Amino acid sequence: MPAIDRDRLQSLMQSEQKKFIDERPKSKALFERARKSVLGGVPMKWMAKGGGVFALFVREAHGDEIFGEDGHR
């Protein structure tokens, strides 16, 4: 099995995190605001362990569809 290129992995992770941030400016702003009044910026600790750089904020939901503040479905 080939060795994992850790430098490449780190570069990819940084690239994906930047993309996540760039595509979600409203959620980022809301998260920063929430951090001033809620520990960790989220109401429950497990929410801070999501896959993104910061918690996402939901604008609305219908059935199995969730729409984020930045328009992502």
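A brief report on the enclosed structure follows. (Residues numbered from 1 in each chain as written. Predicted model: local features only at pLDDT ≥ 70, side-chain atom pairs only at ≥ 80, totals over all residues. Heavy atoms only, no water.)

What about the overall build of the chain?
For step 1, the next point in the chain: Scanning the chain from N- to C-terminus turns up 2 helices and 2 strands.
For step 2, the next point in the chain: In the chain, the succession of helices and strands from N to C terminus is α-α-β-β.
For step 3, the next point in the chain: Over its C-alpha trace the chain gives a radius of gyration of 15 Å, far above what one expects of a compact globule, namely 11 Å for 73 residues.
For step 4, the next point in the chain: Judged by the C-alpha coordinates and their principal axes, the chain covers about 45 × 30 × 20 Å. (Helix = DSSP H or I, 4+ residues; strand = E, 2+ residues; numbered from the N terminus. Rg over C-alpha atoms; globule rule 2.2 N^0.38 Å.)

Structural notes on the packing of aromatic side chains
For step 1, the next point in the chain: Evaluation of the coordinates by the stated rule reveals 2 aromatic pairs.
For step 2, the next point in the chain: Relative to F54, the ring of F31 has its centre 6.1 Å away and its plane inclined at 25°; by these criteria the two rings are stacked. Highlighted residues: F31 in helix α2 (residues 25–35) and F54 in the loop between α2 and β1 (58–62), separated in sequence by 23 residues.
For step 3, the next point in the chain: F31 gets classed as buried once you look at its relative accessible area, which sits at 10%.
For step 4, the next point in the chain: For F54, a relative accessible area of 8% puts it in the buried group. (Phe/Tyr/Trp six-rings, centres within 6.5 Å; stacked < 30°, edge-to-face > 60°. Buried < 20%, exposed > 50% of the residue type's maximum accessible area, 1.4 Å probe, protein only.)

A word on the pairing of strand β2 (residues 65–68)
It is a general feature of regular strands that their side chains alternate between the two faces of the sheet.
For step 1, the next point in the chain: Summarising the sheet, β1 and β2 pair through 4 bridges and their orientation is antiparallel. The residue of β2 that forms the bridge with H62 is E65.
For step 2, the next point in the chain: In textbook terms, the turn of a hairpin is the stretch between consecutive antiparallel strands, and for β1 and β2 this stretch comprises 2 residues, one of which, G63, has a positive phi near 60°. (Pairing = 2+ DSSP bridges.)

That is the geometry; function is a separate question.
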